[in-house]
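Breakdown of the fold
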2 protein chains.
Amino acid sequence: MFERLDTAARKMESFVCVGLDPTPERVPIDDVLAFNKAIIDATKDVVSAYKTQFAYYELMGIEGFRILEGTIQHIRDVAPDHVVVGDAKRGDISTTATAYATALFETWGVDIATIYAYQGTDSVEPFLQYPGKGVYIVCRTSNPSSRDIQDLVVDCTDQKVQVFDRVADMADLYAGSENVGLVVGATYPDDLRALRMKHPEPHFLIPGVGAQGGDAEETARAGANEQGGGFLVNSSRGIIYASSNPEDFDIEARNESEKLKNLLNNALKPNGGFKAETLTFE
Amino acid sequence: MFERLDTAARKMESFVCVGLDPTPERVPIDDVLAFNKAIIDATKDVVSAYKTQFAYYELMGIEGFRILEGTIQHIRDVAPDHVVVGDAKRGDISTTATAYATALFETWGVDIATIYAYQGTDSVEPFLQYPGKGVYIVCRTSNPSSRDIQDLVVDCTDQKVQVFDRVADMADLYAGSENVGLVVGATYPDDLRALRMKHPEPHFLIPGVGAQGGDAEETARAGANEQGGGFLVNSSRGIIYASSNPEDFDIEARNESEKLKNLLNNALKPNGGFKAETLTFE
């Protein structure tokens, strides 16, 4: 799966993923599906992926799932090479995990699902039975209380080994499959950098840039693999609600996407991204 | 919320929760909603709660959500005092967690939702803003690979303190609210007993009895609080698929529910439940 994502990122020259997280009260037009379609149409030339946060569709009930269906169909119609991430953070085992995987990959038709691995490999493997599909395991999240569980030290001989490291190790178990990546937030750049150094292979889905405070350029440098890729930076509210004006919300969404795309790309240019830092030492 | 569940358990004299996890290929009649309704009608006098596993409804797409809606409505119609657990194991933060909570408690109308706390208190608190509703935090699960993350030792001075203990500690943070319980599997009875001793207050939702190998009587004794309650034992496949015969699946579901109810109740009678063990020493 992640090969396809690499291809999309190369083709679009963009590591940007737009989070399609619409809530009726914030969407500047009446029709949520039309809003999503307008955002997709306006941004598809400057991003390589879309992420649908299932919570917002579930909130709208059956109508929400119709909107989800229509949104994914529209991406397939107008941006067939783009990757669709289903951000559902599902986590279960056995036949229940298989039911979730089938729901995400076949019923809704996403390419990559976000999942929890709190229940161990039993909660990952059912998702790997779908050729051409992949998962991002929630590993190191961007919120303040992520420390409650994720930061617990689990190795008495090395205070740097924390719960989230063990979750990251699980991705390496499936390194050969190229189907398992990690969710690593942008708000803890030292952890992002350390995880990338320890785990050169898995793809990273990186939320937390923008509204949540993560710095885009630092994120790109910390999250990229040795080939200068292997990650997606997701921005939701920063892009889709860039303007609350029904006349220009899509244009502003595109502008914000392009700005983020350029920040990430510039940061990864040979020496390019380091200019700002270098300047401070002149 | 859990007061209402205690009342239901006392009234029905039953700690049994029936897991309504239908898959079209295993349901012995064509109509999944009619199947759920028949199971509810047949079992409502011997159980106190129903648990809908969202994965199986999501798998069926929009039609599945109609079945979910109809199922919950039927429980309200014929068993209004019974509690409905939405087993969705959601886990997210901030406005996304609020969207999931609103979806579960208001759109679908469940009483208690299962959630993950891997993202810390940020992923619990949005669910506690709904008066009369509650959550079970996934703590110690019943599957073999639960050890991968849940069993990691997090206290170098006490090898008995594991990740799942820290998750259980989170329930105590909200002890006053009476709205936070824990999911603790039946297949690790020593852990179940230890968790109950350390955490006398929170309600436990206990899966893993029956098909997964947990012993019902041992589970009741290990999971009950000092008042001899404070838990639900869930059985799904063992009850709803007790018979694959369209003529008697509901009768057999009731028989299995009643059997489980009696096993749990007998185990908790003063000295009663210990008879079998005592006999082996005669």
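Thresholds applied
In this numbering scheme, every chain counts its residues from 1 along its sequence in written order. Here every chain gets a letter starting at A, and every ligand a number starting at 1, in the order they are written. Only residues with pLDDT of 70 or above have their local features reported here, since the model is predicted, and side-chain atom pairs are shown and tallied only from 80 upward, although totals for entire chains, interfaces and linings are computed over all residues. Hydrogens are left out, water is left out, and the side-chain values use all remaining heavy atoms of the structure. Pairing of aromatic rings covers Phe, Tyr and Trp, the last through its six-membered ring, and needs centres within 6.5 Å; plane angles under 30 degrees mean stacked, over 60 mean edge-to-face, and all others mean tilted. Going along the chain from the N terminus, every DSSP run of H or I of four or more residues is numbered as a helix, and every run of E of two or more is numbered as a strand. Under the scheme applied here, a residue whose accessible area is under 20% of the maximum for its type counts as buried, over 50% as exposed, and between as partly exposed, the area being computed with a 1.4 Å probe on protein chains only. Here, residues are in contact when the closest pair of their heavy atoms is within 4.5 Å. Buried area: the accessible surface (1.4 Å probe) lost by two parts on joining, summed over both. By convention in these notes, a salt bridge is any Lys or Arg side-chain nitrogen within 4 Å of a carboxyl oxygen on Asp or Glu. A patch consists of residues exposed above 30% relative accessible area that lack any salt bridge, with like charges linked at up to 9 Å and nonpolar side chains (Val, Leu, Ile, Met, Phe, Trp, Tyr) linked at up to 5 Å. Surface accessibility in these figures is a Shrake-Rupley result with a 1.4 Å probe; residues are shielded only by whichever protein chains are displayed. Only four residue types enter the charge count: Lys and Arg as positive, Asp and Glu as negative, with His and the chain ends excluded. One atom stands in for each charge, and that atom is NZ of Lys, CZ of Arg, CG of Asp or CD of Glu. An axis is simply a line fitted to the C-alpha atoms; with a helix, the fit covers only the stretch in contact. Between two such axes, the angle follows the N-to-C directions and lies from 0 to 180 degrees. Orientation labels follow simple angle bins: below 35 degrees gives roughly parallel, above 145 gives roughly antiparallel, 65 to 115 gives roughly perpendicular, and whatever is left gives oblique. Note on convention: the crossing is left-handed when the near helix lies turned anticlockwise from the far helix by less than a right angle, right-handed when the turn is clockwise. Three residue categories are used. Nonpolar comprises Ala, Val, Leu, Ile, Met, Phe, Trp, Tyr, Cys and Pro, charged comprises Asp, Glu, Lys and Arg, and polar comprises the others, including Gly. Any two strands are treated as partners once DSSP identifies two or more bridges connecting them. Pairs of cysteine sulfur atoms within 2.5 Å are what we label disulfides.

To continue, consider the packing of aromatic side chains. Evaluation of the coordinates by the stated rule reveals 18 aromatic pairs over all chains. Note on Phe105(A) and Phe127(A): the rings are 6.2 Å apart at their centroids and 85° apart in plane angle, and the pair reads as edge-to-face. In this pair, Phe105(A) is assigned in helix α5 (residues 94-107) and Phe127(A) in the loop between β4 (112-115) and β5 (134-140), connecting sequence segments 22 residues apart. With a relative accessible area of 3%, Phe105(A) lands in the buried category. On the basis of an interplanar angle of 75° and a centroid distance of 6.1 Å, the ring pair of Tyr118(A) and Tyr116(B) is categorised as edge-to-face.

This next bit is on the interface of chain B and chain A. With 54 residues of chain B in contact, the opposing surface of chain A contributes 54 residues. Area buried by chain B at its contact with chain A is led by Ile62(B), Tyr116(B) and Tyr118(B), which between them contribute 18% of it. There are 4 salt bridges connecting chain B and chain A. One salt bridge in this structure joins Asp92(A) and Lys89(B), with 2.8 Å as the shortest N-O distance.

Residue and element names in this part refer to chain A. A contiguous patch of negative charge, built from Glu3, Asp172, Glu178 and Glu201, is present on the exposed surface. Along the chain, the position of Glu178 falls in the loop between α7 (163-173) and β6 (180-184). Taking the relative accessible area as the measure of exposure, Glu178 reaches 36% and is therefore partly exposed.

Residue and element names in this part refer to chain B. Packing of helix α9 (residues 216-223) against helix α11 (residues 249-268) brings their axes to within 8 Å, and their N-to-C directions diverge by 50°. Classified by the interaxial angle, the pair formed by α9 and α11 is oblique. Once α9 is placed against α11, the crossing between them reads as right-handed. Facing α9, whose interface residues are Ala216, Glu217, Ala220 and Arg221, α11 presents Leu260, Leu263, Leu264, Ala267 and Leu268. Of the residues contributing to the contact of α9 with α11, the split by class is 7 nonpolar, no polar and 2 charged.

Next up on the list: the pattern of salt bridges. Residues and elements named next belong to chain A. Enumeration over the complete set of coordinates arrives at 36 salt bridges over all chains. Its salt-bridge partner being Asp191, residue Arg140 comes within 2.8 Å of it at the nearest N-O pair. Placement of the pair is Arg140 in strand β5 and Asp191 in helix α8 (residues 189-198), with a sequence separation of 51 residues. Note that Arg254 is salt-bridged to Glu258, the shortest N-O span being 3.8 Å. Taken together, the positions of Arg254 and Glu258, both in helix α11 (residues 249-268) and 4 residues apart, correspond to about one turn of that helix.

Residues and elements named next belong to chain B. Strand order in the closed barrel made by the 8 strands is β1-β2-β3-β4-β5-β6-β7-β8, with parallel pairing throughout. Here the average twist between neighbouring strands, direction ignored, is 30°. Strand direction decides the pairing type here: strand β7 (residues 204-206) and strand β8 (residues 231-235), joined by 3 bridges, are parallel. Bridge pairing in β8 links Phe204 to Phe231. Running at roughly 165° to strand β5 (residues 134-140), helix α7 (residues 163-173) makes contact with β5 and β6 (180-184) of the sheet.

Our focus in this paragraph is the state of the cysteines. One covalent bond between the sulfur atoms of two cysteine residues makes up a disulfide. A full pass over the atoms with the stated rule returns 1 disulfide over all chains. Each sulfur of the disulfide joining Cys156(A) and Cys156(B) lies 2.1 Å from the other. With the S-S dihedral at roughly -105°, the linkage between Cys156(A) and Cys156(B) falls on the left-handed side. Residue Cys156(A) is found in the loop between α6 (147-150) and α7, and its partner Cys156(B) is found in the loop between α6 (147-150) and α7; the two belong to separate chains. A relative accessible area of 41% means that Cys156(A) is categorised as partly exposed. Cys139(B) forms no disulfide, and the closest cysteine sulfur to it belongs to Cys17(B), at a distance of 18 Å.

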